[in-house]
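Results of the structural survey
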Amino acid sequence: MARELTLSELESFPSLDWEEIGPRLTPPLRSSIERVLESQNGAELSLQECYALANAEGDDLLGLLVAANVLRAELAGNIVTYVVNRNINFTNICFVGCKFCAFSRGPRESDSYFLGLEQVAQKAVEAWQLGATEVCIQGGLPRGLPKFYYRDLLRAVKSSVPQMHIHAFSPMEIVYGVELTGMPLADYLSMLRDNGLGTLPGTAAEILDDEIRHILSANKLSTAQWVEVIGTAHRCGVRTTSTLMYGHAETPAHWVRQMRLLREIQSETGGFTEFVPLGFVHQNTLLFHQGLARTGPTLAEHLKIHALARLLLAGSINNIQVSWVKLNRRLSQLCLHAGANDYGGTLMEENISREAGASAGQYISPEDFQALILEIGRIPAERNTTYSRIRIKLPLNEEEWTAEQAPETEFA
Ligand code: SF4
């Protein structure tokens, strides 16, 4: 049996290199990893090899983390990207009742809220004035939502800030919109696209296995529905992110199957922009208090899932994002050493709330991102939502280059 790694061994893996750790791995695992390093393509791996990587422990795990970092440098270069955006959660009223969710409220709860079209548009205007290029709009699902509310939200934002990229509506909200309007899915998504929808968050995925989904939320859309919404969006020209929530009732085998499913979709549509592992935050959730979930991911799991994604998705989805909201700053930096190349969004919403006097909330300013990235010896760069525009950011007061002008463009 592999020995359990100490905290300090796990935290110091970035000081290892592949030549040093490679020979310490069990031979079959080393050979699997070397084939991916050689081909830069996770399609090389059989299902059994993927399971073995997902269950790596001890030196095998250290080797996986180090190899993911090598592969990241080859596939995504030394740039770490982020997007300046504002999160707008326009309502917390929701009838779905996911057991992992601490955000939703019933309509009569004292802290429930619902933002009207003008309020959402105003938030987008403020965000634009403060430098955001994207608004991320998602919310709870309130009963009796006006039939075309999602379309009208897009219209309200676009008429106030035409250049703003709108990244909006989870696949669950899309299913709800289809139900409200009675429109066919492709027509509904095309209507949203024509009214300003830029991209769709690939959220509401959690674990794409119906048994686990049933534990997490009996009312949530099924795996097949998630795949259908995402595939149809891609075919309508609306790209999406892809996500996975880990650290609750799932096993590493679920991670593997989900990543392979995402590869399949990507090979058909090419519509995924990135993969985002989302760590389960257990406090204040029914899922944890009913004894249905563990206490969120361990440090080893946080690092392993980013590394596993880098290897399994190599050649298919080459942007692996760290969801810093769920992690502390040091841990987010460690994940960037374990295969990730993107920091996600600044989530300006929380900053504005804080400036308005609220004490809660999290926010990382572009300058904070830049400092965190430079601290680990990488190059900070602001991107747009689809990674098609990259602007390299150097330390304050130094020259700014666009990726095109950089001496050597490292972003692929
Ligand atoms: S659908 Fe979204 S807001 Fe509603 S309970 Fe589930 S996770 Fe929470």
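Residues numbered from 1 in each chain as written. Predicted model: local features only at pLDDT ≥ 70, side-chain atom pairs only at ≥ 80, totals over all residues. Heavy atoms only, no water.

This next bit is on the sheet that holds strand β7 (residues 272-279). As summarised here, the arrangement of the six strands in space is β2-β3-β4-β5-β6-β7, forming an open sheet in which the pairing is parallel. The sheet is open, and its two edges are formed by β2 (85-89) and β7, each paired on a single side. Taking the axes of each pair of neighbouring strands and ignoring which way they run, one obtains an average angle of 25° across the sheet. Across five bridges, β2 lies against strand β3 (residues 134-138) in parallel orientation. Within β3, the position partnered with N87 by the bridge is C136. (Pairing = 2+ DSSP bridges. Helix = DSSP H or I, 4+ residues; strand = E, 2+ residues; numbered from the N terminus. Axes fitted to C-alpha atoms, helices over the stretch in contact; angles between N-to-C directions.)

Moving on: the pattern of salt bridges. In the structure shown here, the tally under the stated rule is 18 salt bridges. A salt bridge links R193 to D194; the shortest N-O distance between them is 3.0 Å. On the basis of relative accessibility, which here comes to 34%, the residue R193 falls in the partly exposed class. For the salt bridge of E206 with K220, the shortest nitrogen-to-oxygen distance reads 3.2 Å. Within this pair, whereas E206 is found in the loop between β5 (197-200) and α10 (210-216), its partner K220 is found in the loop between α10 and α11 (223-235), the two being separated by 14 residues in sequence. For the pair E206 and K220, one class covers both residues: buried. (Salt bridge = Lys/Arg side-chain N within 4 Å of Asp/Glu carboxyl O. Buried < 20%, exposed > 50% of the residue type's maximum accessible area, 1.4 Å probe, protein only.)

Turning next to the side chain of T346. Summarising the element assignment, T346 is placed in the loop between β8 (342-345) and α16 (348-355). We classify T346 as buried; its relative accessible area is 1%. A polar side-chain atom of T346 sits 3.2 Å from the main-chain amide nitrogen of N85. (Polar contact = N/O pair within 3.5 Å; in protein donor to acceptor, adjacent residues only side chain to side chain.)

Moving on: the pairing of strand β4 (residues 165-168). Relative to β4, β3 runs parallel, the two sharing four bridges. When the sheet's bridge partners are listed, V135 is paired in β4 with I166. Traced from β3 through helix α7 (residues 149-160) to β4, the parallel crossover comes out right-handed. Alignment of β4 against β5, held across two bridges, turns out to be parallel. Considered in β5, the bridge of H167 is made with T199. (Right-handed = clockwise from strand over helix to strand, strands pointing away.)

Another point: the site of the ligand. The environment of the ligand is formed by C94, V96, G97, C98, F100, C101, S104 and G140. Among the residues forming the shell around the ligand, the class breakdown is five nonpolar, three polar and no charged. (Near = heavy atom within 4 Å. Nonpolar A, V, L, I, M, F, W, Y, C, P; charged D, E, K, R; others polar.)

Further remarks concern the packing of helix α9 (residues 185-194) against α11. Running from N to C, α9 and α11 cross one another at 55°; their axes reach a closest spacing of 10 Å. If you check the angle between α9 and α11, you find them oblique. Relative to α11, α9 is oriented so that their crossing is right-handed. For the pair formed by α9 and α11, the contact residues are L185, A186 and L189 on the first element and E228, V229, T232 and A233 on the second. (Parallel < 35°, antiparallel > 145°, perpendicular 65-115°, else oblique. Left-handed = near helix turned anticlockwise from the far one by under 90°. Contact = heavy atoms within 4.5 Å.)

Attention shifts here to the environment of A293. Tracing the chain through its elements places A293 in the loop between α13 (286-289) and α14 (299-312). For the pair A293 and H248, spaced 45 residues apart in sequence, the C-alpha separation works out to 4.5 Å.

Among the nonpolar cores identified, the biggest contains 121 residues, and I137, F169 and L303 are the most heavily contacted of them. For this core, the element with the most residues is helix α5 (residues 58-76), which contributes nine residues. Among residues more than four places away in sequence, those in contact with L303 are L10, F13, L65, L331, L334, C335 and A338. (Core = buried A, V, L, I, M, F, W, Y, C linked by side-chain atoms within 4.5 Å.)

Let's shift gears to the layout of surface pockets. Quantified by volume, the second largest pocket comes out at close to 350 Å³. Elements supplying a minimum of two residues to the lining of the second largest pocket: α1 (7-11), α5, α12 (252-269) and α14. Top element by residues in the lining of the second largest pocket is α14. It accounts for four residues. (1 Å grid on protein atoms, 1.4 Å probe; cavity = no way out; pocket = protein on both sides within 12 Å on 5 of 7 lines; lining within 4 Å. Points joined across faces, edges and corners; volume = space filled by probe spheres on them.)

Relative to the assigned elements, Q370 resides in helix α17 (residues 366-375). Sequence-distant contacts of Q370, defined by excluding residues within four places in its chain, comprise Y82, P380, K393 and L394.

Moving on: the packing of aromatic side chains. Enumeration according to the criterion identifies 10 aromatic pairs in this entry. Each ring, one from Y343 and one from F369, has its centre 4.7 Å from the other, and the planes form 35°; the classification is tilted. Of this pair, Y343 sits in strand β8 while F369 sits in helix α17, and the two are 26 residues apart along the sequence. Using a relative accessible area of 0% as the deciding quantity, one classes Y343 as buried. A relative accessible area of 0% means that F369 is categorised as buried. Put simply, the rings of F90, F114, Y149, Y150 and F169 pair up and form one aromatic cluster. (Phe/Tyr/Trp six-rings, centres within 6.5 Å; stacked < 30°, edge-to-face > 60°.)

Under the 1.5 Å per step criterion, the end-to-end length of helix α3 (residues 27-39) is 18 Å for 13 residues, consistent within 8% with the ideal 18 Å. Of the residues making up α3, those classed as buried are L29, S32, I33, V36 and L37. Angularly, the buried residues of α3 cover 135° about the axis, an arc narrow enough to put them on a single face. Residues P27, P28 and E38 are exposed on α3 and point more than 90 degrees away from its buried face. Taken together, the buried residues of α3 touch α2 (18-21), α4 (47-54), α5 and α14. Directly after α3, the chain includes Q40, whose backbone phi takes a positive value near 55°. (Expected span 1.5 Å × (residues − 1). Arc of directions from axis to C-beta.)

Consecutive side chains along a regular strand alternate between the two faces of the sheet. Burial analysis of β7 places eight of its eight residues in the buried class, which makes it a mostly covered element. In terms of strand pairing, strand β6 (residues 239-246) meets β7 through six bridges, oriented parallel. Directly across from L244, in β7, lies its bridge partner P277. Following the backbone out of β6, through α12 and into the adjacent parallel β7, one traces a crossover that is right-handed.

Function cannot be read off these values alone, since they describe shape.
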